[in-house]
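Read off the chains here:
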Amino acid sequence: MANTIVQSSIGKKVAMALSGLFLLSFLSLHFFINLMSVFSVSTFNEMSHFMGYNPVIQFLMQPILVAGVVFHFVMGFVLELKNRSARPQSYAKYNGSANASWASRNMIISGIVVLAFLGLHFYDFWVHEMTYKYIEHAPVEADRYYTELVAKFQNPTRVGIYSVCFVLLSVHLWHGFASSFQSVGFNNRYSKSIQKLGYAFAILVPFGFVFIALFHFFNQ
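The rules behind the values
Residues numbered from 1 in each chain as written. Predicted model: local features only at pLDDT ≥ 70, side-chain atom pairs only at ≥ 80, totals over all residues. Heavy atoms only, no water. Helix = DSSP H or I, 4+ residues; strand = E, 2+ residues; numbered from the N terminus. Buried < 20%, exposed > 50% of the residue type's maximum accessible area, 1.4 Å probe, protein only. Contact = heavy atoms within 4.5 Å. Arc of directions from axis to C-beta. Core = buried A, V, L, I, M, F, W, Y, C linked by side-chain atoms within 4.5 Å. Patch = residues over 30% accessible without salt bridge, like charges linked within 9 Å, V, L, I, M, F, W, Y side chains within 5 Å. Areas by Shrake-Rupley, 256 points an atom, 1.4 Å probe, with all protein chains shown as cover. Salt bridge = Lys/Arg side-chain N within 4 Å of Asp/Glu carboxyl O. Phe/Tyr/Trp six-rings, centres within 6.5 Å; stacked < 30°, edge-to-face > 60°. Lys NZ or Arg CZ within 6 Å of the ring centre and 35° of its normal.

Undergrad: Any chance you could explain the overall build of the protein here in plain terms?
TA: Across its full length, the protein holds 8 helices and 0 strands. The order of α-helices and β-strands along the protein, N terminus first, is α-α-α-α-α-α-α-α. A total of 220 residues make up the protein; the buried ones form 36% of that total. Across the protein, the fraction of contacts at a sequence separation of at least 24, relative to all contacts at a separation of at least 6, is 81%.

Below you can see the structure in the form of structure tokens.
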């Protein structure tokens, strides 16, 4: 029975790690497209139009992405509850900071904030896009995306919330990237290099999003 429980827990960690790595690919693509809004308006509009009207992305990849997000965070909550229920009573007196970083001990907190932000992000962009295309049946305008993006960053409160959420995403990724590779059994002589790559990703990509938001806010 104990062995079955352990295997079940390991399986959940592997599934969560794989879903996390899967979501990183979408985050990277999203970052690259948004970054184009800083360097080339036309390229940003072209890429956004392709993502918004390509049927494979809209009707296959997009539902997979949503399912991946839901699965990853639900699995995170399940594992957190399982870990809490498995801890002995004396663990409450244990000084966790002596053996684990703040990021690793508070993944559930940063995860909840990131999930809330994703909800806001879906509301801002995805709901707007669906309304524009399928409810209002507005004409296709391939050059509208840059204007819509910049409009979102006119409000300083929104930019502030956006920036804080991406800082917390950075914290989440700081521990989660390396942990994901360990969970899937990738532990060899390349582990340190992958860990450094994960730290670089956790800094460059989230703070890159912050830079994009601030760039458009201060250049209006």
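That was the structure; now back to the text.
Undergrad: Before we go on, may I ask you to explain helix α6 (residues 145–152) in this structure?
TA: The periodicity of an α-helix, 3.6 residues per turn, causes residues three or four positions apart to be oriented the same way. Listing the buried residues of α6 in full gives Tyr-145, Leu-149 and Val-150. Down the axis, α6 shows its buried residues gathered within 130° of arc, on one side only.

Undergrad: I would appreciate a short explanation of the nonpolar core in the present structure.
TA: As a rule of thumb, nonpolar side chains are buried together in soluble globular proteins. Counting 31 residues, the largest nonpolar core has Leu-27, Tyr-162, Phe-166, Leu-173, Phe-201 and Phe-209 as its most contacted members. Mapped onto this core, the elements with two or more residues apiece are α1 (2–39), α3 (55–86), α5 (107–135), α6, α7 (156–183) and α8 (191–218). Aside from chain neighbours lying at most four places away, what touches Leu-173 is Leu-24, Leu-27, Phe-201, Ala-202 and Pro-206.

Undergrad: In this structure, what is going on with the side chain of Ser-48? I would like to understand it.
TA: Inspection of the secondary structure puts Ser-48 in helix α2 (residues 41–53). Contact partners of Ser-48, with chain neighbours within four places excluded, come to Ile-33 and Tyr-145.

Undergrad: Mind showing me how you'd approach the environment of Val-38 here?
TA: Checked against the element boundaries, Val-38 lands in helix α1. For Val-38 and His-216, which are 178 residues apart along the polypeptide, the C-alpha to C-alpha distance reads 7.9 Å. With near-sequence residues (within four places) excluded, Val-38 lies in contact with Phe-211, Ile-212, Phe-215 and His-216.

Undergrad: Sorry if this is basic, but what is going on with a nonpolar patch on the surface here?
TA: A surface patch of nonpolar side chains, amounting to about 460 Å² of accessible area, comprises Leu-120, Tyr-123, Trp-126, Val-127 and Ile-161. Considering each element in turn, the nonpolar patch owes the most residues, 4 residues, to α5. Take Tyr-123: it is sitting in helix α5.

Undergrad: For this particular structure, what's the right way to read the environment of Val-113?
TA: The topology assignment puts Val-113 in helix α5. The class for Val-113 is partly exposed, based on a relative accessible area of 25%. Separated by 59 residues in the primary sequence, Val-113 and His-172 have C-alpha atoms spaced 9.9 Å apart.

Undergrad: Would you mind going over the pattern of salt bridges with me for this structure?
TA: A side chain of one charge can pair with a side chain of the opposite charge when the charged atoms of the two come close. Counted according to the given criterion, the structure contains 3 salt bridges. Note that Glu-129 is salt-bridged to Lys-133, the shortest N-O span being 3.8 Å. With a gap of 4 residues between them, Glu-129 and Lys-133 both fall in helix α5, about one helical turn apart. Judged by its relative accessible area of 11%, Glu-129 falls in the buried class. Given a relative accessible area of 9%, Lys-133 falls into the buried group. Several salt bridges share partner residues, and in doing so they unite Glu-129, Lys-133, Arg-144 and Glu-148 into one network.

Undergrad: What exactly am I supposed to notice about the packing of aromatic side chains here?
TA: In this description, an aromatic ring pair is defined by two values, namely the gap between the centres and the angle between the planes. Counting across every chain of the model gives 9 aromatic pairs. Note on Phe-153 and Tyr-162: the rings are 5.1 Å apart at their centroids and 75° apart in plane angle, and the pair reads as edge-to-face. Residue class for Phe-153 comes out buried when judged on its relative accessible area of 2%. One aromatic cluster is present, built from ring pairs that chain together Phe-31, Phe-153, Tyr-162, Phe-166 and Phe-209. Directly above the aromatic system of Tyr-53 lies the positively charged group of Lys-133, at a separation of 4.8 Å from the ring centroid.

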